[in-house]
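# Overview (structure and organization)
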Amino acid sequence: MANKILVTGGAGYIGSHTVLQLLLGGYQVVVVDNLDNSSDVSIKRVQEIAGNNGSNLVFHKMDLRDKPALEKIFDSTKFDAVIHFAGLKAVGESVKKPLLYFNNNLIGTIYLLEVMASHGCKKLVFSSSATVYGWPKEVPCTEEFPLSAANPYGRTKLFLEEICRDLYNSDSGWKIMLLRYFNPVGAHPSGKIGEDPRGIPNNLMPFVQQVAVGRQPALTIYGTDYVTKDGTGVRDYIHVVDLADGHIAALNKLSDPSVGCEVYNLGTGEGTSVLNMVAAFEKASGKKIPLVFAGRRGGDAEIVYASTAKAEKELKWKAKYGIEEMCKDQWNWASKNPYGYESPENGHH
Ligand code: NAD
Ligand code: UFG
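One structure accompanies this document, and this report is about it. (Residues numbered from 1 in each chain as written. Chains lettered and ligands numbered in written order. Predicted model: local features only at pLDDT ≥ 70, side-chain atom pairs only at ≥ 80, totals over all residues. Heavy atoms only, no water.)

### So, the site of ligand 2
Under the convention used in this document: Put simply, a residue is near a molecule or strand once any heavy atom of it comes within 4 Å of that molecule or strand. Under this definition, polar contacts are N or O atom pairs within 3.5 Å; protein pairs additionally need one hydrogen-donor-capable and one acceptor-capable atom, and for neighbouring residues in sequence, both atoms have to be side-chain atoms. Per-residue and other accessible areas were derived by the Shrake-Rupley procedure at a 1.4 Å probe size, with only the shown protein chains allowed to occlude residues. Think of it this way: any DSSP run of H or I at least four residues long counts as a helix, any run of E at least two long counts as a strand, and we number them from the N terminus. For this classification, the nonpolar set comprises Ala, Val, Leu, Ile, Met, Phe, Trp, Tyr, Cys and Pro, the charged set comprises Asp, Glu, Lys and Arg, and every other residue, Gly included, is treated as polar.
Taken together, 20 residues lie near ligand 2, and Ser 129, Asn 203, Thr 220, Arg 235 and Asp 300 sit nearest. Phe 182 places a main-chain nitrogen or oxygen 2.9 Å from an oxygen atom of ligand 2. Separating a nitrogen atom of ligand 2 from a backbone N or O atom of Thr 220 is a distance of 2.7 Å. In the complex, the protein chains occlude 89% of the 680 Å² of accessible area that ligand 2 would expose alone. By residue number, the principal contributor to the shell around ligand 2 is strand β8 (residues 219–222), which donates four residues. Split by residue class, the shell around ligand 2 holds ten nonpolar, seven polar and three charged.

Pasting the structure below:
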């Protein structure tokens, strides 16, 4: 029988791409998502792309903090593992509304862990973030670096990592993969699914994409005085399909008897500046991105990129795509869905 996986937040950006890779890999998938930051159109698109395997996906519109509803799902289905993406992720919003972030991210996860424990499902893959490295003293970041949090969002990731470590220390029956994502960008090459943030995008590539389709007049570059080759911040951008495949590798690793509570970076190991990324996008799209140069954004680090050695060695996973493919696929998605899942072409306006 095929492995059954519960995916929380599976309608979202990284979740939808991961659900697709799971379906293509022959898994049975149940998604729970409250659609707070996503659209169920993504679920339908994933089913379309997955073809015959699309029918192996079941969706429940549900908030993780609705514990009785979560219990019901676990009562009716025996899951082999859970991939937990559901959470709020906007750094600026988390500074303004810390309780919202603590309530959603911490309580949602604690309920999930409680329900998993009471149903004997103790295999978890969790979305952590490179944000736990703060402003790293050196690069590349290895998994052993000291951890810190610069904002409430980052603090939820740090707390949740610690909660998982404590849980494992209390009961070695748990098997947990804490995956620290670097900067996911791009979209599925079909152009049918991609990132569709609500409101004005906080992150670089969703903003660039909106400039390219005429929804924003110009990109503001936050900081030109960093100690980098062109003065702009350097990040490790990773194609979302590579990231999704990293989750399949992590799931496979969960069946290794030696696994306890483990942490892995998911990045490419390559650092790219903001200006380099914009240039790559302009080349891929043929669109000129007007720029406004501004001061640094509070809380931003200078240079962040991953050491990929541990994931390569232990997960046997390595990112395949470079920034050209990331930008090409980002533009393919943007040009086909300029207003995301609500584009007029999709009959939603
Ligand atoms: P996303 O917002 O597109 O997806 C998250 C999904 O979770 C959304 O569909 C949202 O509706 C759902 N959700 C939120 N709270 C929920 C709740 N209480 N109950 C049910 N569903 C809920 O974000 P994403 O970019 O796909 O990120 C997925 C995960 O990866 C998040 O935990 C995020 O913090 C983490 N992460 C993202 C990035 C990034 O840059 N995108 C980087 C590092 C880590
Ligand atoms: N940037 C701009 N203009 C913008 C947006 C971003 O110049 O409009 C710059 C930033 O200053 C930074 C780079 O582009 O140098 C990348 O910024 P993002 O906001 O896209 O990504 P961050 O690295 O700041 O943070 C992201 C997520 C965090 C996550 C972190 C690590 O927002 O939640 O990656 O995974 F923790």
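After that view, the rundown keeps rolling.
### Quick notes on the pattern of salt bridges
Under the convention used in this document: A pairing counts as a salt bridge when a side-chain nitrogen of Lys or Arg comes within 4 Å of a carboxyl oxygen of Asp or Glu. A 1.4 Å probe rolled over the protein chains alone gives each residue an accessible area, and that area as a share of the maximum for its type sets the label: buried under 20%, exposed over 50%, partly exposed in between.
Using the criterion set out here, one finds 15 salt bridges in the structure. Arg 65 is paired through a salt bridge with Asp 63; the nearest N and O atoms lie 2.8 Å apart. Classification of Arg 65 as partly exposed rests on a relative accessible area of 27%. Among the residues examined, Asp 63 registers a relative accessible area of 22% and is labelled partly exposed. Residue Asp 256 is joined to Lys 253 by a salt bridge in which the shortest nitrogen-to-oxygen separation is 3.1 Å. Residue classification places Lys 253 among the buried positions, given a relative accessible area of 15%. Three or more residues are tied together by salt bridges with common partners; here these are Glu 161, Glu 162, Arg 165 and Arg 180.

### Quick notes on the side chain of Ser 42
Put simply, the test is: Throughout, a contact is declared for two residues whenever any of their heavy atoms are within 4.5 Å.
Positionally, Ser 42 belongs in helix α2 (residues 41–50). Residues in contact with Ser 42, not counting those within four places in the same chain, are Ala 11, Ser 16, Ile 193 and Tyr 341.

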